[in-house]
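# Geometric and topological summary
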Amino acid sequence: MASSPDKDPRAGTAPDVALRLIVAGCRADLVKYRAVVATSRRPIGIHQTRVALRRLRAAFSVFRDAVDGPQVRSLSAEARWLAGECAPARDLHVFLTETVSDVPPLVRRIGNRLAAAHLERARAALAGARFAAFDRQLSAFAAKPPAAAPSATSAAPALRLDDFGQGVLEARHRKVIRRAHRLEQLDSERLHRLRIAIKKLRYAATYLRPAFASAAFASKGAKAYIEATVRLQGALGALNDRATAAQVVADLALAARPSEDVTQPLKALAKQAASGSKRRRRRLERAWKDFRKVERFWRA
């Protein structure tokens, strides 16, 4: 978004106005990278399309207590569906290029066929009538005028972004602390729930940061706080990659032709993807310690 006062949220911005500004930015990214998916096989198209959809869903979640209703819930549900249609293509690419190394040529060939099928699935979702309807509704939502401010005689003052943001950030920060209780003992399911909580906190901090830019707050700590959430989310994501890898391996096995015996190669890749558990745990512990040290920038 541009840096003019008319485009950026501020402390006194109403939450519904801030949400519509964020939605407009997410939609612009979605339209841009949807075009890349439609015309190119470059992984950045699918990746950035999913990022735009994830940011969109996160924005609706952050502002749910201030801006809710059937339209918001419908848009969030459609964004989730679209992200799901794009997920297999991204997960396969990450597995073959980042999670494992030395992929055998046979597995690579199967992966290429599967990648083409996943790409067509994503393209179909992003080019269909369902997406067109979603995009129209998204555009209309972003362009909707602000809710009417309370009248001069009203006892209730207009809700400000800083007041709203303090409550959201404090609640999400505390939830992360609760989820991480006895971190070293958490199983995969509870680590997954912690990862979701820290992801929600990260997006909330990113979206609400402009409301705390004045000298009254620890505004210089916002960058450090958000970076700490990014590192923590990354550490938790590395642990979660094993579950995603297992699904990709299963998909590759199903995509193999009868003449393609990939049992042993896939077994070796699955073992490689599951290795390094202790290293991942140490990375998580370091990221957690860093997170616990950072200031809550929204506190006066």
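Residues numbered from 1 in each chain as written. Predicted model: local features only at pLDDT ≥ 70, side-chain atom pairs only at ≥ 80, totals over all residues. Heavy atoms only, no water.

### Focus: the confidence of the model for the chain
The condition is simple: pLDDT is defined as a per-residue confidence score from the predictor, taking values between 0 and 100. Contact criterion: two residues are considered in contact whenever any of their non-hydrogen atoms come within 4.5 Å of each other.
With 92% of its residues at a pLDDT of 70 or more, the chain has an overall mean of 91. Note that residues 1-6 has pLDDT below 50 and, in this model, nine contacts with residues that lie over four places away or in other chains.

### Concerning the nonpolar core
Definition in use: To form a nonpolar core, buried Ala, Val, Leu, Ile, Met, Phe, Trp, Tyr and Cys residues must be joined to one another through side-chain atoms within 4.5 Å. Burial classification: accessible surface area is computed with a 1.4 Å probe over protein chains only, and a residue below 20% of its type maximum counts as buried, one above 50% as exposed, and the rest as partly exposed. Starting at the N terminus, helices and strands are each numbered in turn, a helix being any DSSP run of H or I of at least four residues and a strand any DSSP run of E of at least two.
With 67 residues, the main nonpolar core has Phe60, Phe63, Phe134, Leu169, Leu208 and Phe291 as its most contacted residues. Sort the elements by how many residues they give to this core and helix H7 (residues 188-208) lands first, with 10 residues. Counting 17 residues, the second largest nonpolar core, distinct from the first, contains Val248, Val249, Leu252 and Val262.

### Some details on the pattern of salt bridges
Condition: A carboxyl oxygen of Asp or Glu within 4 Å of a side-chain nitrogen of Lys or Arg is what we treat as a salt bridge.
By the definition in use, this model includes 14 salt bridges. Note that Glu120 is salt-bridged to Arg123, the shortest N-O span being 3.0 Å. Separated by three residues within a single helix, Glu120 and Arg123 lie in helix H4 (residues 105-127), roughly one turn from each other. The class of Glu120 is partly exposed, set by a relative accessible area of 45%. Among the salt bridges present, the one from Asp187 reaches Arg190, with a minimum N-O distance of 3.5 Å. One network of salt bridges, with partners in common, ties together Glu170, Arg174, Arg296 and Arg299.

### Focus on helix H5 (residues 129-143)
Selection criterion: Between the first and last residue of a helix there are one fewer steps than residues, each counted as 1.5 Å, and that sum is the expected span. The reported arc concerns the directions from the helix axis to the C-beta atoms and nothing else.
For H5, which comprises 15 residues, the first-to-last C-alpha distance of 21 Å matches the rise-based estimate of 21 Å (1.5 Å per residue) to within 8%. The complete set of buried residues in H5 reads Phe131, Phe134, Asp135, Leu138 and Phe141. The buried residues of H5 all sit within an arc of 125 degrees when viewed along its axis, so they share a single face. Facing away from the buried side of H5 by more than 90 degrees, the exposed set consists of Ala129, Arg136 and Ala143. Turning to H5, the residues buried within the fold contact helix H1 (15-39), helix H2 (43-62), helix H3 (70-99) and H4.

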